[in-house]
Amino acid sequence: MRPFELTGGKKAGDIIGVLTLILMMVAGVLLAYRNYVRGKGDRQGAFRLAAAVFAVEMGLFLCAAHFVPALVTVFLFILAVSGALFMSGFMWVLYLALEPYVRRRWPQTIISWSRLTAGRVRDPLVGRDLLSGMLLGMAWILVFQVGILFLMRAGARPEFSRTEYLLGVRETAAAWLGNGVGSILGTLIFFFVLVLLRVLVRNRWLAAVLFVVINTAPKLLASDYPAIETPIWLIIYAIAAVAVVRFGLIVLATATFMTNVLLNLPCTLNFSDWYITSSIWVLLSFVALVAWGFYTSLGGKKLWKDELFE
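Cut-offs used in this document
Residues numbered from 1 in each chain as written. Predicted model: local features only at pLDDT ≥ 70, side-chain atom pairs only at ≥ 80, totals over all residues. Heavy atoms only, no water. Helix = DSSP H or I, 4+ residues; strand = E, 2+ residues; numbered from the N terminus. Rg over C-alpha atoms; globule rule 2.2 N^0.38 Å. Buried < 20%, exposed > 50% of the residue type's maximum accessible area, 1.4 Å probe, protein only. Contact = heavy atoms within 4.5 Å. Areas by Shrake-Rupley, 256 points an atom, 1.4 Å probe, with all protein chains shown as cover. Lys, Arg positive; Asp, Glu negative; His and termini not counted. Charge placed at Lys NZ, Arg CZ, Asp CG, Glu CD. Patch = residues over 30% accessible without salt bridge, like charges linked within 9 Å, V, L, I, M, F, W, Y side chains within 5 Å. Salt bridge = Lys/Arg side-chain N within 4 Å of Asp/Glu carboxyl O. Polar contact = N/O pair within 3.5 Å; in protein donor to acceptor, adjacent residues only side chain to side chain.

A separate point is the overall build of the protein chain. For the protein chain, the helix and strand inventory stands at ten helices and zero strands. Element order for the protein chain, N to C, with α for helix and β for strand: α-α-α-α-α-α-α-α-α-α. The C-alpha atoms of the protein chain give 21 Å as radius of gyration, which agrees with the globular expectation for 310 residues (19 Å, within 12%). Expressed along its principal axes, the backbone C-alpha trace of the protein chain runs to roughly 60 × 55 × 50 Å. Split into buried and exposed, the 310 residues of the protein chain put 39% on the buried side. When contacts within the protein chain are restricted to residue pairs at least 6 apart in sequence, long-range pairs at least 24 apart make up 77% of them. Within the structure as shown, the protein chain displays about 17,700 Å² of accessible surface, and the carbon and sulfur contribution to it stands at 70%. Counting 27 positive and 16 negative side-chain charges, the protein chain places the averaged centre of each group 12 Å from the other.

What follows is the structure, given as structure tokens:
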């Protein structure tokens, strides 16, 4: 097989993925328009999300771009603004399409998210969900790492999909920001697919099963080791389905973000390696997130009572 030749299974997986994305975009636009016309949905929350995504996308451009006094820099800036506007608009559409239904059916999943978009970053519920997302991310990473060990023993080649972490702190910051936007988008897509399935089959648990099957099938069709990867992806998406309906947006987005970053982060104990600074920066960022989540989850209460030391 040629290096970039696609097998029949991989082509089928790509086709399923593309068709699912197109269907989701069309359905999202229709639902968002319907909610907008009827005056439903958290428009302020959708706008704040879109504005935050636009700002992060532009920050990503500033971190990743190399500026030179030439006309090409202007064109790159225009492309960056265009991409940021598209991404923020897509987020706005998905959120406005989802929010009324989720608020009616699964209100517990967006309580902390609504408080976060309202600017209440120190809310104890936000901190609790941030910590829960970190724990879920650690569980995902453990499942992936166990699967990688079995794949390596079966003869699979090691994969490292992100090289930005090897290029310096600025490129690392760009990858970090990009994963943040991708995690929010992935979470909204998960919610959207599950909502559509729930509407179609009228049963929460059947919708969750179909959600796992639909997300797992393209992965297995493109896999060279389906016997090993089948339980891995079933566990991953089963946990995602439970996280979507039980815990909510912040938990799933945090877990996705943590998993995507740490699974692609080069780690070493040799402090003379050129990429060690970037690796330490990323790890410290997660330590800071854990500390912030723990601090805010206490809600101003003391961790230990004064009587404990008397």
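Anyway, onward from the coordinates.
The grouping of Leu-71, Val-74, Phe-75, Phe-77 and Ile-78 at the surface amounts to a nonpolar patch, some 500 Å² of accessible area in total. Relative to the helices and strands, Val-74 resides in helix α3 (residues 71-105).

What follows deals with the side chain of Ser-88. Structurally, the position occupied by Ser-88 is in helix α3. Here Ser-88 falls in the buried class, since its relative accessible area comes to 7%. Here Ala-84 takes part through its backbone oxygen, which lies 2.9 Å from a polar atom of the side chain of Ser-88. Within polar-contact distance, the side chain of Ser-88 engages the backbone oxygen of Leu-85 at 3.0 Å. In this structure Ser-88 touches Ala-50, Val-53 and Phe-54, once residues within four positions along its chain are discounted.

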